[in-house]
Every structure is written in C-alpha cells, then in structure tokens.
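A structural walkthrough
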Amino acid sequence: MKPLYTARATVTGGRDQGHGRTDDGFLKADLRMPKGMGGPGGEGTNPEQLFAAGYAACFESALRLVARMQKKSVTDAHITAHVTLNATDDKKYVLSVELHGKLEGVPKEEAQALMEAAHQVCPYSNATRGNIDVKVIAD
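A brief look at the structure comes next. Counting restarts for each chain: residues are numbered from 1 in the order of the written sequence. With the structure being a predicted model, the display of local features is reserved for residues of pLDDT at least 70 and the display and counting of side-chain atom pairs for 80 or more, all residues being used for whole-chain, interface and lining totals. Derived side-chain values reflect all non-hydrogen atoms in the structure, with water molecules and hydrogen atoms excluded from consideration.

What to know about the packing of aromatic side chains
In this description, an aromatic ring pair is defined by two values, namely the gap between the centres and the angle between the planes. Two aromatic rings, drawn from Phe, Tyr or Trp (for Trp, its six-membered ring), form a pair once their centres lie within 6.5 Å of each other, and the interplanar angle then sorts them: stacked below 30 degrees, edge-to-face above 60, tilted otherwise. Across all of its chains, the model carries three aromatic pairs by this definition. Taken together, a centroid distance of 5.7 Å and an interplanar angle of 70° make the contact between phenylalanine 51 and tyrosine 55 edge-to-face. Taken together, the residues span about one helical turn, with phenylalanine 51 and tyrosine 55 both in helix 1 (residues 47–69) at a distance of four residues. Judged by its relative accessible area of 23%, phenylalanine 51 falls in the partly exposed class. Judged by centre distance (5.3 Å) and plane angle (35°), the rings of tyrosine 55 and tyrosine 124 are tilted. Elements are defined by DSSP. Helices are runs of H or I of four residues or more, strands are runs of E of two residues or more, and each kind is numbered from the N terminus. Burial here depends on accessible area, computed with a 1.4 Å probe over protein chains only, as a share of the maximum for the residue type. Under 20% is buried, over 50% is exposed, and the range in between is partly exposed.

Below, the structure written as structure tokens:
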C-alpha cells in the first residue's frame, strides 16, 4: 500500500462532554450524548454524526468517480448517510448504515447501479464491508 493521506484527531472526554480537534485545527467539535441515547443533548455532535458526514462525503466522491469512469453525467448528487447505533441481544453495540442517494436527472435504475458500483470503490465501504450492515438506496 502507498499512503496518500493521514488524518489525525484527538478527543478528550469521550462521547459525553468531550471535545475533538484535528491536528490542523480545521475541525473542532464539542461532543454530547444525544437525548435519544439518554444523554442531555445540547450543543455538540456525536461519533455517529461525524461518521455519517465522513461516509456521505467519501461516498459521493466515489459515486462521481464511478460516473466519470462509466462516462455518465451526474451533475447534481446528494448522499445522505443514516448511521444507526444498535444494541444486540448479547449486549454488544454495532453500527448499521443506509446510504440514500438522490441523483437529479438520472433514472432510478441507473442511479442504483451507480451507487452499487460506488459502494465497491468507496474507502469507507471497503473498510466496513463484512463488519457492519450497509445498504445503498437510490431515492
């Protein structure tokens, strides 16, 4: 493997009352446990939101790459990642993801095929494959 880029972020305080920051200072975020998980909520994000934003951004780039490689026009695309934290019966916590894509002007069948192809290329998809349930859905 040839490394292309390494991101570095440090968090103190974990998901509840924590703070995260990248080494370059471009991302600074307070972390809060959402009300839906029994926390106080309030201003701040959480690991699932950060993962959703990263996955959606990476996936849209992969989708555009696949479209270019297939010589298909995708001018307006929106990827929404739904990241869910689940508790299993045996008291484990696991993530699941749904990637919803809206590709303006692209027929639904073609959009679904592009999304499935992007799922084979996206680094987040490759990292999660076989570890968590990921569904790709053209809306």
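Looking at the nonpolar core
In this structure, Phe59, Leu63, Val74, Leu99, Leu103, Leu114 and Met115 are the most contacted members of the largest nonpolar core, which totals 28 residues. Within the residue set of this core, elements represented by two or more residues are helix 1, strand 4 (77–87), strand 5 (93–103), helix 2 (108–121) and strand 6 (133–138). Residue contributions to this core peak at nine residues, all from helix 1. Any two residues having at least one pair of non-hydrogen atoms within 4.5 Å are treated as being in contact. Those residues in contact with phenylalanine 59 that sit more than four places away from it in its chain are Ile79, Leu99, Met115, Ala118, His119, Cys122, Ser125 and Val136. For the purposes of this section, nonpolar cores are sets of buried Ala, Val, Leu, Ile, Met, Phe, Trp, Tyr and Cys residues that join through side-chain atoms within 4.5 Å.

Thoughts on helix 2
Expected helix span is given by 1.5 Å per residue-to-residue step, counting one fewer step than there are residues. A rise of 1.5 Å per residue sets the reference length of helix 2, with its 14 residues, at 20 Å; its end C-alpha atoms lie 20 Å apart and thus fit the reference within 8%. Within helix 2, the full set of buried residues consists of Ala111, Gln112, Leu114, Met115, Ala117, Ala118 and His119.

A closer look at helix 1
With 23 residues, helix 1 ought to run about 33 Å at 1.5 Å a step, and its terminal C-alpha atoms sit 33 Å apart, in line with that. Every buried residue of helix 1 is accounted for by Glu48, Ala52, Gly54, Tyr55, Ala56, Cys58, Phe59, Ala62, Leu63, Val66 and Ala67. Each element contacted by the buried residues of helix 1 is listed here: strand 4, strand 5, helix 2, helix 3 (123–128) and strand 6. In the segment just after helix 1, lysine 71 is the residue with positive phi, at about 55°.

Re unusual backbone geometry
Glycine aside, a negative phi is what most residues show, and trans is what most peptide bonds show. The phi dihedral of glutamine 17 falls on the positive side, at around 65°, and the residue is not glycine. Positionally, glutamine 17 belongs in the loop between strand 1 (9–12) and strand 2 (18–22). In this structure, lysine 71 takes a positive phi of about 55° despite not being glycine. Inspection of the secondary structure puts lysine 71 in the loop between helix 1 and strand 4. The exposure class assigned to lysine 71 is exposed, which follows from its relative accessible area of 76%.

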